[in-house]
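Survey of secondary and tertiary structure
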Amino acid sequence: MFQNTKCECGHQNPVGTVLCESCGKPLDEALLKDENALLEMRYDGVARRSQKANPHFVDRIWNFFSSVKIAVYLIVITLIGAAFGTILQQESTIINLTERSEFAAYYKEQHGTFGVIYHALGLSRTYESWWFIGLLVMIGTSLVVCSLDRVLPLYRALSKQQIRKHLQFINRQHVVYSGELTQDKQEWLDRFAKELKRKRYRVWREDGALLAEKNRFSRWGPYINHIGLIVFLLAVLGRSIPAWHMDQYLTLYEGETRQIPGTNYYLKNDKFTLDYYSDEELASNQKGTKVVKLYETKARLYECTDACDDPTREPVLTEVKQHDIRVNSALAYKGLKVYQNSFQEKVRFISVHATLKDKVNGTDIGSFDLKMNQPEEEYKLGEYTLRLIDYYPDFGLDEQTRPMTKSRDPNNPAFVFRIAGPGIQDRGEVYVYFPMPSEKSKYYETILNESFKQRGDNSGRFSIQVDNPIVDGQMNNIEYSAFTTYLNIRMDRAMPYVWVGAAISMIGLIMGFYWQHRRIWIRIDGDKLALGGHTNKNTYGLRADVAGALGKTRIEVDPKTLDNRRNER
Amino acid sequence: MGRYRKPVQYIILAVVLLIGGYAIGNSLFSKSVVLTKGDKPPGFRLADLNNVVHDMEDYEGKPLIINFWGTFCPPCRNEMPALQHQYDKWKGQGLELIGINLSEDKLTAESFIRQIGVDFPILLDKDKKTERKYGLKQYPTTFFIAPTGEIQEVVIGGVLTEEEIDKRIERLIQTKS
Amino acid sequence: MKWWLDFSSDAFIVAFFLYCASFISYAIAVGGKKWSNRKPAEHAARWGKIAFVLAAIGWLAHLTFFFTRWYGGGHIPTSNMYEFMTFLGMAIMFAFIVIYAIYRNMMLGAFTLPLVIIIIAYASVFPSEVQPLIPPLQSIWLKIHVTMAAAGEAFFAIGFAAALVQLIRVVDFTRTDKAGRRAQFWTEFSLYVIIVLVGFIVAVFAFRGAGYEAKFTQETVTIDDAGNALTSVGEVKYTLPPLVAPYNSETESFQSFLGIKKPLVEAPSWMNGVNAGRKLNTVVWSVIAGSLLYGLLRLIARKKLTAAINPHLSDIDPDDLEEISYRAIAIGFPVFTLGALIFAMIWAEIAWSRFWGWDPKEVWALITWLFYSAYLHLRLSRGWQGTRSAWLAVIGFLVVMFTLVGVNLVIAGLHSYAGV
């Protein structure tokens with residue numbers, strides 16, 4: 001479509017050039033036909049790299065991504081796709097399910113037929129779907145190609161600008177002025193140039209022609225923004241590198257220490273605190289309800305220094321960090337972050353301080369600490385020895401009415417001891433002890449010991465108990481955890497790059513939007529003055545600049561009359 | 001720039017293809033933690049009831065059954081005698097059988113094992129580490145691992161009868177490494 | 001503290017009435033130009049100045065409200081819907097003053113003020129008492145993220161106001177072809193939507209003033225972390241006569257209204273939000289009240305509302321409005337990017353351990369951003385300047401409002417506030 005690329009000024013332009021690179025004369029046929037139309041000043045009318053006759057296959061792909069129209073389509077499709085994903089809850093927000101079939105059942109149950117369709121279409125995983133990721137990849141590609149195709153020619157055009165422009169070029173700008181110059185030509189130009197310099201324009205002159213320009217750097221804003229976005233997108237992609245990313249949950253009751261899976265770190269929950277707002281602090285429509293003021297896990301982070309992989313020994317831990325973990329205040333150590341996720345109010349026994357009593361003469365033989373987790377197997381109390389021979393953390397009976405534990409948690413622990421010492425038969429006495437101060441536990445304890453007695457394993461002489469277990473609703477001699485805390489453990493090595501990308505992008509946006517590239521061309525032929533001005537944004541400001549400078553040089557104009565669009569009507 | 005235009009285009013498009021392919025591929029093949037037939041079982045190092053360390057590597061090249069069990073799980077308890085029987089029957093032909101206890105107290109596991117009279121190695125998982133590595137969802141779960149080191153079958157839940165175990169062991173033994 | 005809070009709400013009322021007075025002055029400035037014995041330009045300039053001064057004093061009162069509430073309440077008042085909406089109104093006034101300082105265009109005030117009035121009246125629908133902060137909100141980012149995001153959105157609001165004036169200005173009522181009629185219809189429709197919003201506010205305050213109340217007990221089933229279905233029975237209170245009952249509910253008490261003694265329909269089950277039934281009922285009422293209001297205005301004007309306004313706009317230049325609209329959006333875009341996306345990501349990273357979680361509110365902020373990016377790119381090509389880009393600016397602000405309000409009403413997520 002472009003046959004003649006050689007301008008009348010003698011400059012040879014590349015195919016696709018809209019305005020002569022040298023003098024600015026319109027070359028595009030459509031622009032030539034309509035002499036009053038405003039000039040297409042995008043990228044200063046230079047040929048974009050993508051415009052070429054007889055495109056090759058690779059060129060076609062390149063041209064596809066180089067098109068702003070395509071970029072806008074991509075943005076709009078992504079926008080609509082993203083909106084679809086917000087119709088129903090996404091799978092990723094449902095923590096406890098993992099399998100496809102589980103999710104399918106969930107959506108069916110929660111949302112009926114619509115849920116089934118939504119899930120079947122894959123919209124329940126919109127943001128992880130291949131098409132959504134694909135759209136983001138295409139946007140990223142478009143960012144690279146579009147920017148590269150435009151920024152280089154634009155840079156070239158702006159760094160070698162002609163001062164004297166073609167009259168058509170000047171008269172078809174957005175901001176124009178033309179008139180007779182009654183004053184002295186040179187003197188007027190000097191004064192005009194001075195006015196523009198005062199407005200921080202850089203001014204070049206050439207025999208009756210002038211070019212003033214300011215804030216050229218703002219033209220690079222969009223491209224810097226795009227670079228930032230590309231860095232951002234790449235950083236986000238980097239999070240999918242397994243070694244760069246960790247996301248897991250750890251459940252800890254108070255006093256518990258557990259290894260953070262997949263690391264050499266151990267985490268301990270020293271104490272969990274939950275506070276509610278008092279009634280006075282609440283608004284009247286909240287009174288009587290419980291509004292959480294604070295929840296916090298006092299945590300310690302340990303690093304394993306020895307026997308870390310030895311299953312026969314306990315790992316040797318060194319404390320490396322202590323932090324009160326709250327929402328908005330995570331524990332951070334060498335790229336590892338521990339966040340407060342949620343909590344559960346749940347009493348769990350940790351240990352009891354129990355006493356062995358001789359019921360016959362009413363004396364205490366001795367007391368000992370009994371842990372619910374990994375209890376010691378032997379306890380020496382004066383002349384007596386207690387040997388732990390069986391332990392059921394959550395006592396119950398199986399189908400064959402054998403004792404068993406119903407779970408791994410010490411909900412109703414039962415300890416079976418063999419007591420040996422003076423005045424006891426050789427094979428010792430068997431005693432089962434239930435530390436839980438509940439009626440059910442004590443009932444079990446009584447009838448089981450009774451049956452041992454009938455078998456002859458137990459004389460009924462001994463008992464194990466906690467002194468004053470409950471006084472005024474407070475538990476004594478019992479160590480327990482009142483809360484279980486849920487912590488989220490994260491590692492994200494890509495985050496710094498995400499922030500760098502965001503920062504670059506922000507810098508680009510500010511450059512591009514809060515400054516505008518303004519240029520003014522003047523050409524004086526005889527006593528005819530022709531002025532043209534162009535800016536990529538805010539023609540209002542440019543008109544004010546031009547009218548101001550003209551006014552100071554005794555050419556009074558209303559800024560509005562400089563608007564070329566008005567002249568069209 | 002003009003001269004390098006083609007190569008630059010090719011390089012950029014190639015990089016896009018690579019990175020984009022990786023990104024989309026990632027979304028297409030989301031990894032599941034659940035082990036299935038043909039997978040290689042993850043390694044472990046665990047102590048048995050006598051405090052002897054067993055490494056997964058010790059069992060390489062042998063037909064191997066790994067049974068995850070706990071005393072709190074009735075089907076696990078009910079399955080145990082059958083496993084012991086089959087172990088007695090096949091150990092002469094090189095079968096290895098490991099029971100991995102689901103992070104219970106040693107005492108609890110030990111007293112149950114004594115009651116049943118199990119003599120195959122019982123390893124003690126700690127803090128559900130191994131269990132998580134194997135992506136367990138239900139108990140018991142039994143992995144039948146061929147001498148090739150590949151999982152031949154995963155039986156999740158339920159009580160395996162002796163015949164069922166027998167049939168599977170036969171297949172295991174027949175698979176040559 | 002109590003004294004400061006009382007003083008604060010007084011300041012708010014003062015601000016509200018000054019805004020109303022300012023709006024009336026703008027209306028006189030625009031509408032009274034052709035009154036007898038007046039020079040149109042002088043009249044407009046004089047009343048425009050009065051209106052602007054009233055608006056500026058109103059804004060000072062609004063600022064007083066904000067800072068005294070901050071001091072009295074102990075935390076920045078941007079933590080619930082009431083506080084956010086009043087803040088948004090204040091931000092829009094700020095954006096208006098900035099843009100006005102640049103362009104000195106009076107028409108902008110005539111359309112911004114009603115918008116601000118509607119927004120702060122809408123805010124007043126929500127409970128206005130200071131509520132203590134729940135742990136996730138106890139962060140410095142509550143100040144930074146929310147205020148920045150609102151500032152960005154405020155500039156979009158100005159872009160919207162200018163675009164709407166532009167659209168009303170350029171509608172050609174003599175055209176009878178398809179495209180012309182379409183333009184007439186949609187411009188009128190935009191005004192209708194705004195009037196429905198007013199209808200909503202009127203309905204809420206009318207029934208609140210009359211002390212209307214109805215109660216339902218609703219059974220909801222939730223699935224807990226362990227996968228068990230939990231059934232809970234909650235009470236739902238209506239302050240508007242229930243045309244739509246909550247899903248799966250029983251009537252507990254019902255004041256009859258115009259002979260209606262029980263709800264007409266029940267809300268569908270797929271509406272997930274908190275109190276979805278009540279919100280749907282509110283929407284139905286808003287449409288009814290808005291339509292009545294619209295009908296009344298049509299009766300007074302005896303023609304389309306846009307046609308009634310259009311002649312008063314004849315002496316402004318649509319290109320100026322276009323420039324203002326574009327400029328406002330261009331100023332707002334980086335602010336929005338920083339406040340609603342980047343700062344939001346930083347806060348999310350600090351509080352929720354992930355910078356982006358595809359929460360509905362986050363997604364809609366992204367959608368808003370993508371929409372305005374598309375707008376900015378489309379403007380590069382000439383075919384999309386003028387009316388088309390004005391329409392985009394109008395739709396863009398609808399997206400903003402959906403993000404701010406709609407998401408909370410329709411979709412449940414991490415950002416949910418209490419709602420009517």
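Residues numbered from 1 in each chain as written. Chains lettered and ligands numbered in written order. Predicted model: local features only at pLDDT ≥ 70, side-chain atom pairs only at ≥ 80, totals over all residues.

Focus: the overall build of chain C
- When you go through chain C residue by residue, the secondary structure sums to 11 helices and 5 strands.
- Its C-alpha radius of gyration of 22 Å places chain C within 12% of the 22 Å reference for a compact globule of 420 residues.
- Along the three orthogonal principal directions, the C-alpha set of chain C runs to about 70 × 55 × 50 Å.
- When each of the 420 residues of chain C is scored for burial, the buried share is 46%. (Helix = DSSP H or I, 4+ residues; strand = E, 2+ residues; numbered from the N terminus. Rg over C-alpha atoms; globule rule 2.2 N^0.38 Å. Buried ≥ 20, exposed ≤ 12 C-beta atoms within 10 Å, placed from the backbone.)

Observations concerning the overall build of chain B
- From N to C terminus, chain B includes 5 helices and 7 strands.
- What you see in chain B, going N to C, is helices and strands ordered as α-β-β-β-α-β-α-β-α-β-β-α.
- Since a compact globule built from 177 residues should have a radius of gyration of about 16 Å, the 22 Å found for chain B marks it as more spread out than a globular shape.
- Across its three principal axes, chain B shows a C-alpha extent of roughly 85 × 35 × 30 Å.
- The burial tally for chain B puts 31% of its 177 residues in the buried class.
- Across chain B, contacts joining residues at least 24 apart in sequence account for 71% of those joining residues at least 6 apart. (Contact = placed C-beta atoms within 7 Å.)

Quick word on the pairing of strand 21 (residues 478-492) of chain A
Residue and element names in this part refer to chain A.
- One ladder, built from 9 bridges, connects strand 4 (residues 245-253) with strand 21; its direction is antiparallel. Paired with Met246 across the bridge in strand 21 is Met491.
- Here strand 10 (residues 336-358) runs beside strand 21; their pairing, made up of 13 bridges, is antiparallel. Counted as the bridge partner of Arg348 is Ser481 from strand 21. (Pairing = 2+ DSSP bridges.)

Description of the nonpolar core
- With 149 residues, the main nonpolar core has Ile92, Ala95, Ala154, Ala157, Ile158, Ala161 and Ile329 of chain C as its most contacted residues.
- Once you skip the residues sitting within four places of it in the chain, Ala157 of chain C turns out to touch Ile92, Ala95, Leu115 and Phe397 of chain C.
- By size, the runner-up hydrophobic cluster in this structure holds 62 residues, among which are Phe349 and Val430 of chain A together with Ile65 and Ile169 of chain B. (Core = buried A, V, L, I, M, F, W, Y, C linked by C-beta atoms within 7 Å.)

Side note on unusual backbone geometry
- Cis rather than trans, the peptide bond between Tyr139 of chain B and Pro140 of chain B has omega equal to -10 degrees.
- By the element assignment, Pro140 of chain B lies in the loop between helix 4 (129-133) and strand 6 (141-145).
- One non-glycine residue, Ser103 of chain B, adopts positive backbone phi at about 55 degrees.
- Relative to the helices and strands, Ser103 of chain B is located in the loop between strand 4 (96-101) and helix 3 (106-116).
- Phi at Ser353 of chain C is positive, roughly 75 degrees, even though this residue is not glycine.
- Residue position: Ser353 of chain C is located in the loop between helix 9 (318-351) and helix 10 (360-378).

Thoughts on the sheet that holds strand 6 of chain B
All names here are of chain B.
- An order of 5-4-3-6-7 is seen for the 5 strands of this open sheet, with the pairing classed as mixed. Of all strands in the sheet, those with a lone pairing partner are strand 5 (122-124) and strand 7 (151-156), marking the two edges. For this sheet, the mean inter-axis angle between neighbouring strands, taken without regard to orientation, is 20 degrees.
- Where strand 3 (residues 64-69) and strand 6 come together, 5 bridges link them in antiparallel fashion. When the bridges of strand 6 are listed, Asn67 appears paired with Thr142. (Axes fitted to C-alpha atoms, helices over the stretch in contact; angles between N-to-C directions.)

Concerning the interface of chain B and chain A
- Chain B puts 33 residues into the contact, and the matching count from chain A is 35 residues.
- For the side of chain B that touches chain A, the secondary structure elements donating two or more residues are helix 1 (5-28), strand 1 (45-47), helix 2 (74-90), helix 3 and helix 4 of chain B.
- In terms of residue count, helix 1 of chain B provides more of the side of chain B that touches chain A than any other element does, 13 residues in total.
- When its residues are assigned to classes, the side of chain B that touches chain A shows 15 nonpolar, 9 polar and 9 charged. (Nonpolar A, V, L, I, M, F, W, Y, C, P; charged D, E, K, R; others polar.)

Side note on the interface of chain A and chain C
- In this assembly, 51 residues from chain A lie in contact with 43 residues from chain C.
- Contributing elements (two or more residues each) for the side of chain A that touches chain C: helix 3 (68-84), helix 4 (100-120), strand 7 (292-306), strand 10, strand 21, helix 10 (495-514) and helix 11 (539-552) of chain A.
- For the side of chain A that touches chain C, the element with the most residues is helix 3 of chain A, which contributes 9 residues.
- Grouping the amino acids of the side of chain A that touches chain C by side-chain chemistry returns 28 nonpolar, 15 polar and 8 charged.

Overview of the packing of helix 1 (residues 2-31) of chain C against helix 2 (residues 40-73) of chain C
All names here are of chain C.
- At their nearest, the axes of helix 1 and helix 2 sit 7 Å apart, and the two run at 165 degrees to each other. Taken together, the axis directions place helix 1 and helix 2 in an arrangement best described as roughly antiparallel. The two elements helix 1 and helix 2 cross, and the hand of that crossing is left-handed.
- Split into classes, the residues belonging to the contact of helix 1 with helix 2 amount to 23 nonpolar, 10 polar and 1 charged. (Parallel < 35°, antiparallel > 145°, perpendicular 65-115°, else oblique. Left-handed = near helix turned anticlockwise from the far one by under 90°.)

A closer look at the sheet that holds strand 1 (residues 175-180) of chain A
Residue and element names in this part refer to chain A.
- An order of 1-23-22-3-2 is seen for the 5 strands of this open sheet, with the pairing classed as antiparallel. The sheet is open, and its two borders are formed by strand 1 and strand 2 (202-206), each paired with just one other strand. When strand polarity is set aside, the average angle formed by the axes of neighbouring strands in this sheet is 10 degrees.
- In this structure, strand 2 lies alongside strand 3 (residues 209-214), joined through 5 bridges in antiparallel fashion. Across the sheet, Arg202 pairs through a bridge with Glu213, a residue of strand 3.
- Lying on the sheet, helix 7 (residues 185-198) is in contact with strand 2, strand 3 and strand 22 (518-525); it crosses strand 2 at an angle near 160 degrees.
- Seen against the sheet, helix 11 touches strand 1, strand 22 and strand 23 (528-535) and runs at an angle of roughly 20 degrees to strand 1.

Thoughts on the environment of Met1 of chain C
- As for its placement among the helices and strands, Met1 of chain C is situated in the segment before helix 1.
- Each C-alpha atom of the pair Met1 of chain C and Arg69 of chain C lies 9.1 Å from the other, and the pair is 68 residues apart in sequence.

Here we look at the environment of Val399 of chain C
All names here are of chain C.
- The topology assignment puts Val399 in helix 11 (residues 387-410).
- Judged by local crowding, Val399 falls into the buried class, with 21 C-beta atoms found within 10 Å.
- Sequence separation between Val399 and Ser190 is 209 residues; the distance between their C-alpha atoms is 14 Å.
- In contact with Val399, not counting residues within four places along its chain, are Ile367, Thr368 and Phe371.

Some remarks on the packing of helix 8 (residues 221-238) of chain A against helix 10 of chain A
Residues and elements named next belong to chain A.
- The contact between helix 8 and helix 10 brings their axes to 7 Å, and the two run at 165 degrees. Looking at the two axes, helix 8 sits roughly antiparallel to helix 10. As for the relative orientation of helix 8 and helix 10, their crossing is left-handed in sense.

A few points about the environment of Val498 of chain A
- The topology assignment puts Val498 of chain A in helix 10.
- Once you skip the residues sitting within four places of it in the chain, Val498 of chain A turns out to touch Phe232, Ala235 and Val236 of chain A together with Phe355 of chain C.

Points about helix 4 of chain A
All names here are of chain A.
- Compared with an ideal rise of 1.5 Å per residue, which puts 21 residues at 30 Å, helix 4 spans 10 Å between its outermost C-alpha atoms and falls more than 12% short.
- Its maximal kink placed at His111, helix 4 deviates by approximately 145 degrees.
- For helix 4, every residue scored as buried is listed here: Tyr106, Tyr107, His111, Gly115 and His119.
- Gly122 sits one or two positions beyond helix 4 and adopts a positive phi of about 85 degrees. (Expected span 1.5 Å × (residues − 1). Bend = angle between axes of the 7 residues up to and from the residue.)

Notes on helix 5 (residues 141-170) of chain C
- With 30 residues, helix 5 of chain C extends 43 Å between its outermost C-alpha atoms, agreeing within 8% with the 44 Å of an ideal straight helix rising 1.5 Å per residue.
- Counting buried positions over the 30 residues of helix 5 of chain C gives 24, a clear majority of the element.

Overview of the confidence of the model for chain C
- Taken as a whole, chain C shows an average pLDDT of 85; of its residues, 90% reach a score of 70 or greater.
- ipTM for the predicted complex: 0.87, alongside a pTM of 0.88. (pLDDT = per-residue confidence, 0-100.)

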